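Coordinates in review
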Amino acid sequence: MPSAFPGSGVTTEPDADPGDFAATALVTFAGWDAGTRQLQAGGLVSGTTDTSGTCRFTATKGATTRTLTSSAQASASSVNCSQVSFPASQVSRGTWSITLQYSVGSASTTSEPMTAEVP
């Protein structure tokens, strides 16, 4: 196997599940915007430039789950998922866990959660 190009984000390590999507989703920011009174989140998907998929952000607190989708936009080496905003009427005070799932057809990848505090 050829060695990875430095700085490409590609590794020579085998994927843990080669049958699954070879991309990696990441929530790049999640936080409360006091001005707009919204819980905002954004993210990216490395390892692919296929923008035909769906970006789905899920905010979870206890038994409450809120989901928003956003558009996928191509960048040089990844897919950027447009920012989403959960209005205050949908998110109560406390700590919310935000994940990003990117799906193309039947393949998908889900990020590790990032927490955000709603005051």
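Residues numbered from 1 in each chain as written. Predicted model: local features only at pLDDT ≥ 70, side-chain atom pairs only at ≥ 80, totals over all residues. Heavy atoms only, no water.

Another point: the side chain of threonine 109. Mapping threonine 109 onto the fold places it in strand β8 (residues 107–110). We classify threonine 109 as buried; its relative accessible area is 11%. Within the local environment of threonine 109, its side chain forms a polar contact with the backbone oxygen of alanine 23, the two atoms lying 3.2 Å apart. Residues contacting threonine 109, with those up to four places away along its chain left out, are Phe21, Ala23, Thr24, Ala25, Val45, Leu100, Gln101 and Tyr102. (Helix = DSSP H or I, 4+ residues; strand = E, 2+ residues; numbered from the N terminus. Buried < 20%, exposed > 50% of the residue type's maximum accessible area, 1.4 Å probe, protein only. Polar contact = N/O pair within 3.5 Å; in protein donor to acceptor, adjacent residues only side chain to side chain. Contact = heavy atoms within 4.5 Å.)

Here the focus is the sheet that holds strand β6 (residues 78–87). An order of β1-β2-β6-β5 is seen for the four strands of this open sheet, with the pairing classed as antiparallel. Strands at the two margins of the open sheet, each flanked by one partner only, are β1 (24–33) and β5 (72–74). Strand-to-strand twist across the sheet, computed as the mean angle between neighbouring axes with direction ignored, equals 20°. Sheet topology places β1 next to strand β2 (residues 38–46); nine bridges connect them, and they run antiparallel. When the bridges of β2 are listed, tryptophan 32 appears paired with leucine 39. (Pairing = 2+ DSSP bridges. Axes fitted to C-alpha atoms, helices over the stretch in contact; angles between N-to-C directions.)

Quick look at the side chain of glutamine 40 now. Along the chain, glutamine 40 turns up in strand β2. A relative accessible area of 13% means that glutamine 40 is categorised as buried.

In this section: the pairing of strand β4 (residues 64–70). As judged from the seven bridges shared by strand β3 (residues 54–61) and β4, these two strands associate in the antiparallel manner. Within β4, the position partnered with alanine 59 by the bridge is arginine 66. In this antiparallel pair of consecutive strands, β3 and β4, the connection spans two residues, and glycine 62 shows a positive phi of 60°.

Hairpin connection of β1 to β2: four residues between the antiparallel strands, including arginine 37 at a positive phi of 55°. Direction of pairing for β2 relative to β6: antiparallel, over a ladder of eight bridges. The partner of leucine 39 across the bridge, within β6, is phenylalanine 86.

Relative to the elements of secondary structure, serine 85 occurs in strand β6. Residue classification places serine 85 among the partly exposed residues on the basis of a relative accessible area of 25%. Contacts of serine 85, omitting those with residues within four sequence positions, involve Gln38, Leu39, Gln40 and Leu68. Of the polar contacts made by the side chain of serine 85, one reaches the side chain of glutamine 38; its length is 3.3 Å.

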